[in-house]
There are 2 protein chains.
Amino acid sequence: MTEDQRLGWREVRDTIHDWILSGRYGAGDKLPRDADIAGDLDCARSTVVRAMQDLSDAGVVDRRRRGGTRVRPDPVVRATLDIPITRAEIEGKGGRYGYRLVRQARALPPAPVLEAVGWDAPHEMLQVEALHLSDNVPHMFEDRWISLETAPEILSVDLAVQNANEWLVLNKPYSRFEVRFYAVAADPRLAVLMQVAEGAPMLVIERTTWIAEQPITTVKSVARPGFQLLSRS
Amino acid sequence: MTEDQRLGWREVRDTIHDWILSGRYGAGDKLPRDADIAGDLDCARSTVVRAMQDLSDAGVVDRRRRGGTRVRPDPVVRATLDIPITRAEIEGKGGRYGYRLVRQARALPPAPVLEAVGWDAPHEMLQVEALHLSDNVPHMFEDRWISLETAPEILSVDLAVQNANEWLVLNKPYSRFEVRFYAVAADPRLAVLMQVAEGAPMLVIERTTWIAEQPITTVKSVARPGFQLLSRS
DNA sequence: GAGTGGTCTAGACCACTGA
DNA sequence: CAGTGGTCTAGACCACTCT
């Protein structure tokens, strides 16, 4: 007598995923109600809910109240990236962390910054340019703009000593953020600062954070050539 | 009489998050047991568990059986990226999708590919080079290597007609994947294929998938200059 | 208005793992 | 081996939103 164990939510998830991969339910098709799946697989509805949560997080299905659960028509690969504090990243690789403030000034933000933070009209912000070093070699250059409305306290921080990145992480929790990745060629100034050849390809990580729909900071971080972002799963 | 509503899991999560942000619990500190938090906040333990799940997913806390829940010592920004099927991405932006097979050959993989898939000794694989076009303009170039052990059926697919990317997505589910992002300069051959200047900075997305610890495919996709990957939250 | 997912609860047992 | 998180259950009510 082969008495099956009661299914765990991972098994339920994999079973439903198999239904989709096998073509039993195709792109856009509606899956049975949670309660029916629970009945079929002999488990509680909450177990199905937990499984569906995972499939939904992974981009496999779409769930709507009243509308049911559907196979997502455009499958995506969903990758989760950890972007560490730069100091932790360098020290984690065994490097000695160094920091150098390049420039700091109150100024009206240029158009790309306005667009990033979502402002129509310019308000004065604090611009901070800084270098992060690993064993005295430039590792990352950051061009940061900080809102004086949501983070006025930044003006009383000595940014030659304290890293704006870390001060903000510790003192300015955010409710929403956005990240962009793209490649640029090193312009003459960046080439000198980062000690790389002019035109060298560099990975850019742009991050903007908001609290209650008000921007806190936007930063463009340019990484030294050879730098990679990694995501596993 | 201000009678508080019973807390939902998001409120429980935010409350705990506030404890951390306010410094009441610092990096590495142990938080109370779930059951105690549930008692303090007057909700069920499962509500606390749901909240903690979210904080754990977001990289804010570490949870261990018997070891309790601790504030993660190295805060990270955790970003979720959707990497769409290239066809869907182009059509989603209103472009007309085009595909061109550049080269296809059985070969022994070079060292970087071996390293990506985690093999010690080379086995023969299928190499496929292809271009994805948007309105006849090169959008992305992919250099793909496919395992003939886990995906032998690929040999009977006409890759001049059917896109390897899409065939694999539909036919080869994977259990694990890895993604890397970095920047490269266009070499002469790539410059011609992508119709860009030699040395142009390009974003590379490298993906490898495995099923049950056996590699299926690894692909290096080079995107046209100006391409951005975006992540919101 | 009615059907479906979203969430909460109280309780139970299991599975790790640190003391 | 005992304490903590991980998971499952059965039931209830709520909140969307489609018809």
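Conventions and cut-offs
- Residues numbered from 1 in each chain as written.
- Chains lettered and ligands numbered in written order.
- Predicted model: local features only at pLDDT ≥ 70, side-chain atom pairs only at ≥ 80, totals over all residues.
- Heavy atoms only, no water.
- Helix = DSSP H or I, 4+ residues; strand = E, 2+ residues; numbered from the N terminus.
- Contact = heavy atoms within 4.5 Å.
- Pairing = 2+ DSSP bridges.
- Axes fitted to C-alpha atoms, helices over the stretch in contact; angles between N-to-C directions.
- Domains from an automatic or database assignment.
- Buried area = accessible area lost by both parts, 1.4 Å probe.
- Salt bridge = Lys/Arg side-chain N within 4 Å of Asp/Glu carboxyl O.
- Nonpolar A, V, L, I, M, F, W, Y, C, P; charged D, E, K, R; others polar.
- Expected span 1.5 Å × (residues − 1).
- Buried < 20%, exposed > 50% of the residue type's maximum accessible area, 1.4 Å probe, protein only.
- Arc of directions from axis to C-beta.

1. Examining the environment of Y99(A)
All names here are of chain A.
Phase 1 of the analysis: On the secondary structure map, Y99 appears in strand β4 (residues 97–107).
Phase 2 of the analysis: Considered as a pair, Y99 and I146 are 47 residues apart in the sequence and their alpha carbons are 18 Å apart.
Phase 3 of the analysis: What Y99 contacts, discounting residues up to four positions off in sequence, is A130, L131, H132, L133, L159, A160, V161, Q162, N163 and A164.

2. Structural notes on the sheet that holds strand β7 (residues 176–185) of chain B
Phase 1 of the analysis: In spatial order, the strands read β10(A)-β7(B)-β8(B)-β9(B)-β6(B)-β5(B)-β4(B); together these seven strands make up an open sheet with antiparallel pairing. Of all the strands in the sheet, just β10 (229–232) of chain A together with β4 (97–107) of chain B have a single pairing partner and so form its edges. Recorded for the sheet is a direction-independent mean angle of 15 degrees between the axes of neighbouring strands.
Phase 2 of the analysis: Pairing between strand β8 (residues 201–211) of chain B and strand β9 (residues 214–223) of chain B: eight bridges, direction antiparallel. Its bridge partner being in β9(B), T208(B) is matched across the sheet by T218(B).
Phase 3 of the analysis: Most of the contacts of helix α6 (residues 164–171) of chain B go to strand β6 (residues 137–147) of chain B, to which it runs at about 50 degrees, and overall it touches β4, β5 (125–134), β6 and β9 of chain B.

3. Looking at the domain arrangement of chain A
Phase 1 of the analysis: With domains assigned, chain A is organised as domain 1 (9–71) and domain 2 (86–223).
Phase 2 of the analysis: For domain 1 of chain A versus domain 2 of chain A, the separation of C-alpha centres amounts to 42 Å.

4. Re the interface of chain B and chain A
Quite often, the size of an interface is put as the accessible area lost when its parts meet.
Phase 1 of the analysis: Listed per partner, the contact involves 42 residues of chain B and 41 residues of chain A.
Phase 2 of the analysis: Across the interface of chain B and chain A, roughly 3800 Å² is buried in total on both sides, 58% from carbon and sulfur atoms.
Phase 3 of the analysis: It is V77(B), F177(B) and F181(B) in chain B that bury the most area against chain A; as a group they hold 16% of the surface buried on that side.
Phase 4 of the analysis: Along the contact surface separating chain B from chain A lie two salt bridges.
Phase 5 of the analysis: Here D82(B) ties to R78(A) by a salt bridge, and the two come within 2.6 Å at their closest N and O atoms.
Phase 6 of the analysis: Those elements that place two or more of their residues in the side of chain B that touches chain A are α3 (45–57), β3 (76–84), α6, β7, β8 and β10 (229–232) of chain B.
Phase 7 of the analysis: Here the element with the most residues in the side of chain B that touches chain A is β7(B); it accounts for ten residues.
Phase 8 of the analysis: Here the side of chain B that touches chain A is built from residues that sort into 26 nonpolar, seven polar and nine charged.

5. Focus on the side chain of T209(B)
Phase 1 of the analysis: Looking at where T209(B) falls in the secondary structure, it is placed in strand β8.
Phase 2 of the analysis: Residues in contact with T209(B), not counting those within four places in the same chain, are Y174(B), R176(B), F177(B), Q214(B), P215(B), I216(B) and T217(B).

6. Observations regarding the sheet that holds β4(A)
Phase 1 of the analysis: Read from one edge to the other, the open sheet built from seven strands follows the order β4(A)-β5(A)-β6(A)-β9(A)-β8(A)-β7(A)-β10(B), with strand pairing classed as antiparallel. Sheet topology places β4 of chain A together with β10 of chain B at the edges, where each strand pairs with a single neighbour. Neighbour-to-neighbour, the strand axes of this sheet turn through a mean angle of 15 degrees, independent of strand direction.
Phase 2 of the analysis: In this sheet, strand β6 (residues 137–147) of chain A lies alongside strand β5 (residues 125–134) of chain A in antiparallel orientation, the contact comprising ten bridges. Note on β6(A): the bridge partner recorded for L133(A) is P138(A).
Phase 3 of the analysis: Each of β4, β5, β6 and β9 (214–223) of chain A is contacted by helix α6 (residues 164–171) of chain A, which is oriented at about 50 degrees to β6(A), the strand it contacts most.

7. Looking at α3(B)
Residue and element names in this part refer to chain B.
Phase 1 of the analysis: Compared with the 18 Å implied by 1.5 Å per residue over 13 residues, the 18 Å span of α3 between its first and last C-alpha is a close match.
Phase 2 of the analysis: Along α3, the positions that sit buried rather than exposed are T47, V48, A51, M52 and L55. End-on, the buried residues of α3 take up no more than an arc of 130 degrees, which puts them together on one face.
Phase 3 of the analysis: Buried residues along α3 sit in contact with α1 (9–21), α2 (34–41), β1 (61–64) and β2 (68–71).
Phase 4 of the analysis: The positive-phi residue at the C-terminal boundary of α3 is G59, with phi of around 85 degrees.

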